[in-house]
Amino acid sequence: MNDQKNTAGHMVVWAFLTMILLPMGAASSSLQKEAEANNLRDITLAPHELFVRQNINGAGGIYEFVKSTTEKADGISNIDKGKLPTNEIFIFNEVRIGFSDGLALNKAGEALYESKPSAKFRNAEFEIRQGGRLVFNLPVASLCNNYIGTSTQDDFVILGSLCYLRDDADFTWSFKFPSGVAIPAGGGAADNSYGEVRLRGHRTVRKG
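The structure reproduced in this document is the subject of the present report. Residues take numbers from 1 onward in each chain, read along the sequence in its written order. Whole-chain, interface and lining totals are the exception, using all residues; otherwise, since this is a predicted model, local features are given only for residues with pLDDT of at least 70 and side-chain atom pairs are given and counted only at 80 or more. With hydrogens and water excluded, all non-hydrogen atoms of the structure serve as input to the side-chain values.

1. Let's talk about the nonpolar core
Side-chain atoms within 4.5 Å are what join buried Ala, Val, Leu, Ile, Met, Phe, Trp, Tyr and Cys residues into a set we call a nonpolar core. Each residue is assigned to one of three classes by its accessible area relative to the maximum for its type, calculated with a 1.4 Å probe on protein chains only: buried under 20%, partly exposed between the two thresholds, exposed over 50%. In this structure, Ile-97, Phe-126, Trp-173 and Phe-175 are the most contacted members of the largest nonpolar core, which totals 34 residues. Numbering of helices and strands starts at the N terminus; helices are DSSP runs of H or I of at least 4 residues and strands are runs of E of at least 2. With 5 residues, the top contributor of residues to this core is strand E3 (residues 90-103).

2. Looking at the sheet that holds strand E5 (residues 133-139)
Pairing between strands is defined by DSSP: at least two bridges between them are needed. Reading across the sheet, the 4 strands line up as E2-E7-E4-E5 and stay open at both edges, with antiparallel pairing between neighbours. Of all the strands in the sheet, the pair left with one neighbour each is strand E2 (62-66) and E5. Direction aside, neighbouring strands of the sheet carry axes that sit 25° apart on average. Strand direction decides the pairing type here: strand E4 (residues 125-130) and strand E7 (residues 171-176), joined by 6 bridges, are antiparallel. Among the inter-strand pairings, Glu-127 is bridged to a residue of E7, identified as Ser-174. Interaxial angle, 0 to 180 degrees, is taken between N-to-C directions of lines fitted to C-alpha atoms, where a helix line uses only the stretch in contact.

3. Here we look at the pairing of E5
One face of the sheet, then the other: side chains in a regular strand alternate in exactly this way. As defined by bridge partners, E4 adjoins E5 across 6 bridges and the pair is classed as antiparallel. Bridge pairing links Gln-130 to Arg-133 in E5. Between E4 and E5, which pair antiparallel in sequence order, lie 2 residues; one of them, Gly-131, sits at a positive phi of approximately 60°.

4. Re the pairing of E7
As judged from the 4 bridges shared by E2 and E7, these two strands associate in the antiparallel manner. Bridge assignment links Tyr-63 to a residue of E7, and that residue is Phe-175.

5. Describing the packing of aromatic side chains
Only Phe, Tyr and Trp rings take part, Trp by its six-membered ring, and two of them pair if their centres are within 6.5 Å. Stacked means planes under 30 degrees apart, edge-to-face means over 60, and tilted covers everything else. Scanning all chains against the criterion turns up 10 aromatic pairs. Judged by centre distance (6.2 Å) and plane angle (85°), the rings of Phe-126 and Trp-173 are edge-to-face. Of the two residues, Phe-126 is situated in strand E4 and Trp-173 in strand E7; the sequence distance between them amounts to 47 residues. Look at Phe-171 and Trp-173: their rings are 6.3 Å apart centre to centre, the planes differ by 25°, and that puts the pair in the stacked class. Judged on exposure class, the residue Phe-171 and its partner Trp-173 are both buried. Connected via pairs of aromatic rings, a cluster forms that spans Phe-65, Phe-90, Phe-92, Phe-99, Phe-121, Phe-126, Phe-136, Phe-171, Trp-173 and Phe-175. Over the ring of Tyr-164 we find Arg-133; its NZ or CZ atom is 3.9 Å from the centre of that ring. Whether a charge sits over a ring comes down to the Lys NZ or Arg CZ being within 6 Å of the ring centre and within 35 degrees of the ring normal. The ring of Phe-156 has Arg-200 lying over it, and the distance from NZ or CZ to the ring centre is 3.8 Å.

6. Section: the side chain of Asn-57
Counting through the fold element by element, Asn-57 comes out in the loop between strand E1 (43-55) and E2. Polar contact is defined as a pair of N or O atoms within 3.5 Å, subject to the rule that within protein one atom must be able to donate a hydrogen and the other to accept it, and that residues adjacent in sequence are counted only when both atoms are side-chain atoms. Within the local environment of Asn-57, its side chain forms a polar contact with the backbone nitrogen of Ser-193, the two atoms lying 2.9 Å apart.

7. Considerations on unusual backbone geometry
Within the chain, Lys-81 stands out as a residue other than glycine whose phi angle is a positive 60°. Summarising the element assignment, Lys-81 is placed in the loop between E2 and E3. Here the phi dihedral of Tyr-113 falls at roughly 55°; this positive angle occurs in a residue that is not glycine.

8. A short note on the environment of Ser-174
Mapped onto the secondary structure, Ser-174 falls in strand E7. With 46 residues separating them in the primary sequence, Ser-174 and Ile-128 have C-alpha atoms 6.4 Å apart. By definition, residues are in contact when any of their heavy atoms lie within 4.5 Å. Setting aside residues up to four positions removed in sequence, Ser-174 forms contacts with Ile-62, Tyr-63, Glu-64, Phe-65, Glu-125, Phe-126 and Glu-127.

Laid out in structure tokens, this is it:
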């Protein structure tokens, strides 16, 4: 995206944060107090992505892709324990779901995630929940582009509205498969499946 679009996007997200999320108490008590005490002078927004890549062998039913045991690992996941750090709300409206199969074990950090999704994976739903709140739910089929674009941006699906994950609160990312449908168990030398989810948007950060 060019600078003009980045600037416009920043302003839209800032308005969403300051005019909707903070007034409705959507942040942690720490961030709410920070915003109220300093009139937002010490808070800004920065472009950010949340991402997780992992083996999905045997995934079926309601498969929790991100949960409280998810660990942060370079190049694999930048989410730790299924929550965001205090004072870091994440606001997003772009999603990319990727798929790779026919690989050896322990290749989550090497897969390209540019394969056409298998029918089993494509027909699942992707859902994000935080506490009792449904953050987001769409069919995987709507979130997997065919990777025929000319840039990385073409691989992301742009949502029609902004979604958010509040700071310092547990959340889950899940794939919900049709009844009786599951990814093959794999486990051999070249029959393992991997999934990737990337959310693109902005996070709050403290100045300085």
